Amino acid sequence: MRNLFLTAAVAVCVLAGPSSAMSFQAAPAVAPADASGVTEAERAAFRKGMADTGGAMISAIIQRYPAEYGAFETAIIADFKAGRVDTASAQARAGVFFAQLGDRLMADVQRAPDGELRALVLAQVKALKRFSTSNARACQEFGENGQISTATAVAADGGITAAMNDYVTVQLATADAGARARVRRARLADAELALILNEYLRRGGSQIWLDGAGTGDFGDLTLADRCQASILLLESVLAQPADTVGRFMGPD
């Protein structure tokens, strides 16, 4: 399963970075700094800047991984104050940070019960449909690659953040369910995959897109065409029995 948590987290960091940087740069240094040289006022301003832009997702990350986030926060603020990083390099480091957390979270997601995994696919489809009416490139990237590129996120100027926040809220709940249930399941059988692909084609899905998924050659399909193909494939997955959806999303 693709790491969609990383997609959302990086997208938010790209958009949150400048405002967060300005927030802690302007924070009054009235409280004493700790050994790193970072004050509590600076931490509070930085977190507010992140939360104001990233919303529930950033708050959930801080709550789920407090020690890891604390170390990340300290390093970013201290390096920014010292002039060792600028906004762009801070965003790049945020991408690495969230990638590491994403790997850990995805291990829990894949152990969630079938019902929770089905809900996660529904949330992904909902996000893709929102992008399909406003940002075909974001939809194509999120659908095919499980990532929204930095360039696309910046160009969207906040237009993708709400949808990704909504998706990650569901994903975090799925991870919590997986951490409790620790479900193990068999890989998707060839016959089950054939049923999914047949349903996709029955719904009008493009064979060119299916071929392109393996070759990288999507012919003359537009971004909107490729966006719609991703949606149709996931809807075809949702048309299958719950345990098939679970094996599609979380195989051993």
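Up top is the structure these notes are about.
Now for a quick tour of the structure. Not measured: the values here are computed from a predicted model.

The rules we used
- Residues numbered from 1 in each chain as written.
- Predicted model: local features only at pLDDT ≥ 70, side-chain atom pairs only at ≥ 80, totals over all residues.
- Heavy atoms only, no water.
- Helix = DSSP H or I, 4+ residues; strand = E, 2+ residues; numbered from the N terminus.
- Buried < 20%, exposed > 50% of the residue type's maximum accessible area, 1.4 Å probe, protein only.
- Salt bridge = Lys/Arg side-chain N within 4 Å of Asp/Glu carboxyl O.
- Axes fitted to C-alpha atoms, helices over the stretch in contact; angles between N-to-C directions.
- Parallel < 35°, antiparallel > 145°, perpendicular 65-115°, else oblique.
- Contact = heavy atoms within 4.5 Å.
- Phe/Tyr/Trp six-rings, centres within 6.5 Å; stacked < 30°, edge-to-face > 60°.
- Lys NZ or Arg CZ within 6 Å of the ring centre and 35° of its normal.
- Disulfide = S-S within 2.5 Å.
- Core = buried A, V, L, I, M, F, W, Y, C linked by side-chain atoms within 4.5 Å.

### Quick word on unusual backbone geometry
In the Ramachandran plot, Arg182 falls in the positive-phi region, its phi being about 50 degrees despite a non-glycine side chain. Note that Arg182 resides in the loop between α9 (161-181) and α10 (190-202). According to the relative accessible area criterion, Arg182 is partly exposed, its value standing at 42%.

### Some details on helix α7 (residues 136-145)
Summarising burial for α7: 7 of the 10 residues are buried, a large majority. Residues of α7 that are buried: Ala138, Cys139, Gln140, Glu141, Phe142, Gly143 and Glu144. Looking one or two residues past α7, Gly146 carries a phi angle of roughly 70 degrees, positive in sign.

### Here's the deal with the pattern of salt bridges
Pairing between side chains of opposite charge can happen when their charged atoms approach one another. For the structure on display, the rule yields 18 salt bridges. Residues Arg64 and Asp176 are paired through a salt bridge, measuring 2.3 Å at the closest nitrogen-oxygen approach. Of this pair, Arg64 sits in helix α3 (residues 56-64) while Asp176 sits in helix α9, and the two are 112 residues apart along the sequence. Overall, Asp176 belongs to the partly exposed group, its relative accessible area being 34%. Overlapping salt bridges bring together Glu40, Arg43, Arg47 and Glu73 as one network.

### A look at the packing of helix α4 (residues 66-81) against helix α5 (residues 87-109)
Orientation of α4 relative to α5, taken along the N-to-C sense of each, is 170 degrees, at an axis distance of 11 Å. On the basis of the axis angle, α4 is roughly antiparallel to α5. Between α4 and α5, the contacting residues are Glu68, Tyr69, Phe72, Ala75, Ile76, Asp79 and Phe80 on the first element and Thr87, Ala90, Arg93, Ala94, Phe97, Leu101 and Arg104 on the second.

### Focus: the packing of aromatic side chains
For the structure shown, the criterion picks out 6 aromatic pairs. Note on Phe72 and Phe97: the rings are 4.3 Å apart at their centroids and 10 degrees apart in plane angle, and the pair reads as stacked. With Phe72 in helix α4 and Phe97 in helix α5, the pair connects residues that are 25 residues apart, well separated along the chain. Residues Phe72 and Phe97 agree in their burial class; the two are buried. Connected via pairs of aromatic rings, a cluster forms that spans Tyr69, Phe72 and Phe97. Taking NZ or CZ as reference, Arg226 lies 3.9 Å from the ring centre of Phe218, over its face.

### Considerations on the state of the cysteines
On inspection of all chains with the given rule, the structure shows 1 disulfide. Sulfur-sulfur distance for the disulfide between Cys139 and Cys227 comes to 2.0 Å. Torsion about the S-S bond of the Cys139 and Cys227 cystine: about 75 degrees, corresponding to right-handed handedness. Residue Cys139 is found in helix α7, and its partner Cys227 is found in helix α12 (residues 223-238); the two are separated by 88 residues along the sequence. When sorted by exposure, Cys139 lands in the same class as Cys227, which is buried.

### A closer look at the nonpolar core
Grouped together as the largest cluster of nonpolar side chains are 60 residues, with contacts concentrated most on Phe131, Phe142, Ile148 and Trp209. Contacts of Phe131, omitting those with residues within four sequence positions, involve Ala136, Ala138, Cys139, Phe142, Ile148, Ile160, Ala163 and Met164.

### Points about the environment of Ala127
With respect to the secondary-structure elements, Ala127 resides in helix α6 (residues 114-132). Judged by relative accessible area, Ala127 falls into the buried class, the value being 2%. Linking Ala127 and Cys139, residues 12 residues apart in sequence, is a C-alpha distance of 8.2 Å. Beyond its immediate stretch of four places on either side in the chain, Ala127 contacts Phe142 and Ala163.

Everything listed here is a matter of geometry and, on its own, says nothing about what the molecule does.
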